[in-house]
Amino acid sequence: MRAWVKQYGQWRLRNRVSADLQRAGFDRKERGAVLQTPAMWQQLRQLYTQGGRIHRVRADFSAANTSCHAQGQRVITFYVPPASVPRTHSTYAVLAHELGHALFYPQQWQALQDFRSAQDYAHAREMGEAYAWLNQYRLSLAHAAAMVSGQLQIENDHDFGVTALDVFAAIQRMEQAGADEAAILRQLAVYNANMFPCGMGAHNDKTYGQCNRWDWYVAMQPERLQQLQRSLGRAPWPNEQKLLMKYNVWHAQHGVTPQQLQTLLQQLQPLPANADLAQLWHGAQQCLPQAWCGVQSAEKT
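Residues numbered from 1 in each chain as written. Predicted model: local features only at pLDDT ≥ 70, side-chain atom pairs only at ≥ 80, totals over all residues. Heavy atoms only, no water.

Chemist: Looking at this structure, I do not really get the packing of aromatic side chains. What am I missing?
Modeler: For any pair of aromatic rings, the description rests on two quantities: the centre-to-centre distance and the angle between the ring planes. Following the criterion strictly, the structure yields 11 aromatic pairs and no others. A ring pair is formed by Tyr 105 and Tyr 131, whose centres lie 5.5 Å apart and whose planes are at 20°; its orientation type is stacked. Linking Tyr 105 in the loop between helix H4 (92-103) and helix H5 (118-142) with Tyr 131 in helix H5, this pair joins segments that are 26 residues apart in sequence. For Tyr 105, a relative accessible area of 18% puts it in the buried group. Ring centres of Trp 214 and Trp 250 lie 6.1 Å apart, and the angle between their planes is 25°; this geometry places the pair in the stacked category. Taken together, the residues Trp 214 in helix H8 (residues 208-220) and Trp 250 in the loop between helix H10 (238-246) and helix H11 (258-268) connect sequence positions 36 residues apart. Among the residues examined, Trp 250 registers a relative accessible area of 8% and is labelled buried. (Phe/Tyr/Trp six-rings, centres within 6.5 Å; stacked < 30°, edge-to-face > 60°. Helix = DSSP H or I, 4+ residues; strand = E, 2+ residues; numbered from the N terminus. Buried < 20%, exposed > 50% of the residue type's maximum accessible area, 1.4 Å probe, protein only.)

Structure follows, in structure tokens:
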């Protein structure tokens, strides 16, 4: 009797997940890949058992994200356009990525005020993405047809240069070199910190890591922004925000002195909003020759 009840429960869950996937825009082939891959199905069972679910939102575009609700339930949302619009996110690969967010590294869901520093807050966000990438890679290996890889634009950690990166190929290289999971995740977190978000607007070239760090300072230490505005006589332009975060100017251990920062701000003050990064970088190199530049420098103690 107990075995029958268990089988019935699994049958109901599978039907529920299949219906949720169909509503979320997954076609028959993608649904089959999800439901017939044991590793993927195990993670979906875990998600639903913990009170999470797959949710659909009707939209004019295709997208997906994961959120954490008040009671801790993780909800993976797919934004589903009309059938005439390609539903590019309703796929095995995207679900594998979002399950990485939903099931691993809960610190990524903590609020700004839960962190003692901008570095800690940004690192939690970056580790959340690292786990999502690694989970997508592993579930893609479990279903080879889902191995979707693309070139990401990653800012160099030590300067403003940009390098194209295949994340899955990078993971493979690290594994072949004998790196353990912790080392792989740390490197993936650095890649995410130096990755560019979408839709940031004109002349706003901040990376994820720079955005996260800036957001923490603005929310938790607003006096710093007020000081900048007084020194510049205006709000800092987006690329100036990028420069300040790149150089870790407010880092507790590796920040610059008030005098160095003031010298830099004096150089920035007359510049227009569209000053290019090369010009900003040249000024910072002159004013902050010994500053700790980049995410990896900021993590040193």
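Having seen the model, we can carry on.
Chemist: Hey, could you run me through empty space enclosed by the protein in this one?
Modeler: Gaps between atoms show up when a probe of the same size as a water molecule is rolled over them. If you walk through the whole model with that rule in mind, you get two cavities of 30 Å³ or more. The computed volume of the largest cavity comes to approximately 70 Å³. Together, Ala 193, Asn 194, Thr 207, Gly 209, Gln 210, Arg 213, Met 245, Lys 246, Asn 248, Gly 294 and Val 295 line the largest cavity. Contributions of two or more residues to the lining of the largest cavity are made by H8 and H10. If one sorts the elements of the lining of the largest cavity by residue count, H8 sits on top with three residues. (1 Å grid on protein atoms, 1.4 Å probe; cavity = no way out; pocket = protein on both sides within 12 Å on 5 of 7 lines; lining within 4 Å. Points joined across faces, edges and corners; volume = space filled by probe spheres on them.)

Chemist: Would you take a moment to explain the side chain of Thr 91 for this structure?
Modeler: The residue Thr 91 is located in the loop between strand S3 (74-80) and H4 in this model. Residue classification places Thr 91 among the buried positions, given a relative accessible area of 18%.

Chemist: I would appreciate a short explanation of the packing of H5 against helix H7 (residues 181-193) in the present structure.
Modeler: Packed helices, taken two at a time, are described by the angle between their axes plus the distance between the axes. One can describe the packing of H5 onto H7 by two numbers: an axis separation of 8 Å at closest approach and a directional angle of 115°. Between H5 and H7 lies a crossing of right-handed hand. Only Glu 181, Ile 184, Leu 185, Leu 188, Ala 189, Tyr 191, Asn 192 and Ala 193 of H7 make contact with H5, whose side of the interface consists of Arg 125, Glu 126, Met 127, Glu 129, Ala 130, Tyr 131, Trp 133, Leu 134 and Arg 138. Classifying every residue of the contact of H5 with H7 gives 11 nonpolar, one polar and five charged. (Axes fitted to C-alpha atoms, helices over the stretch in contact; angles between N-to-C directions. Left-handed = near helix turned anticlockwise from the far one by under 90°. Contact = heavy atoms within 4.5 Å. Nonpolar A, V, L, I, M, F, W, Y, C, P; charged D, E, K, R; others polar.)

Chemist: Explain the side chain of Gln 43 here, please?
Modeler: If you trace the backbone, Gln 43 turns up in helix H3 (residues 38-49). Within polar-contact distance, the side chain of Gln 43 engages the side chain of Asn 135 at 2.8 Å. (Polar contact = N/O pair within 3.5 Å; in protein donor to acceptor, adjacent residues only side chain to side chain.)

Chemist: Before we go on, may I ask you to explain the nonpolar core in this structure?
Modeler: Generally speaking, nonpolar side chains in soluble globular proteins are found buried as a group. In terms of nonpolar packing, the biggest core is built from 49 residues, with Ile 171 and Leu 188 touching the most fellow members. Among the elements that take part in this core, H5 stands out by supplying eight residues, more than any other. If we skip the residues at most four places from it in the chain, Leu 188 touches Ala 130, Trp 133, Leu 134, Val 167, Ile 171 and Met 174. (Core = buried A, V, L, I, M, F, W, Y, C linked by side-chain atoms within 4.5 Å.)

Chemist: Which parts of the structure should I look at to understand the layout of surface pockets?
Modeler: The calculated volume of the largest pocket comes to roughly 1100 Å³. Around the largest pocket, the lining is made up of 33 residues, and of these His 97, Glu 98, Glu 129, Met 195 and Tyr 208 lie nearest the centre. Elements with a contribution of two residues or more to the lining of the largest pocket: strand S2 (63-68), H4, H5, helix H6 (167-176) and H8. The biggest single contributor to the lining of the largest pocket is H4, with five residues.

Chemist: Is there a simple way to explain the environment of Phe 104 in this structure?
Modeler: Along the chain, Phe 104 turns up in the loop between H4 and H5. Given a relative accessible area of 31%, Phe 104 falls into the partly exposed group. Measuring from C-alpha to C-alpha, the distance between Phe 104 and Gln 73 comes to 13 Å, with 31 residues separating the pair along the chain.

Chemist: What's the story with the pairing of strand S5 (residues 162-166) in this structure? I'm lost.
Modeler: Strand residues, when the strand is regular, have side chains that alternate between the two faces of the sheet. Here strand S4 (residues 151-155) pairs with S5 via five bridges, running antiparallel. Note that in S5 the partner of Gln 153 across the bridge is Ala 164. In this antiparallel pair of consecutive strands, S4 and S5, the connection spans six residues. (Pairing = 2+ DSSP bridges.)

Chemist: Is there a simple way to explain the sheet that holds strand S1 (residues 53-58) in this structure?
Modeler: What holds strands together in a sheet is hydrogen bonding between their backbones, with the strands either parallel or antiparallel. Taken in spatial order, the three strands of this open sheet run S1-S3-S2, and their pairing is mixed. Of all strands in the sheet, those bounded by a partner on one side alone are S1 and S2. Geometrically, the sheet is characterised by an average inter-axis angle of 25° between neighbouring strands, direction not taken into account. Where S1 and S3 come together, six bridges link them in parallel fashion. Considered in S3, the bridge of Arg 53 is made with Val 75. H3 rests against S1 and S3 of the sheet, and its axis sits at about 85° to S1.

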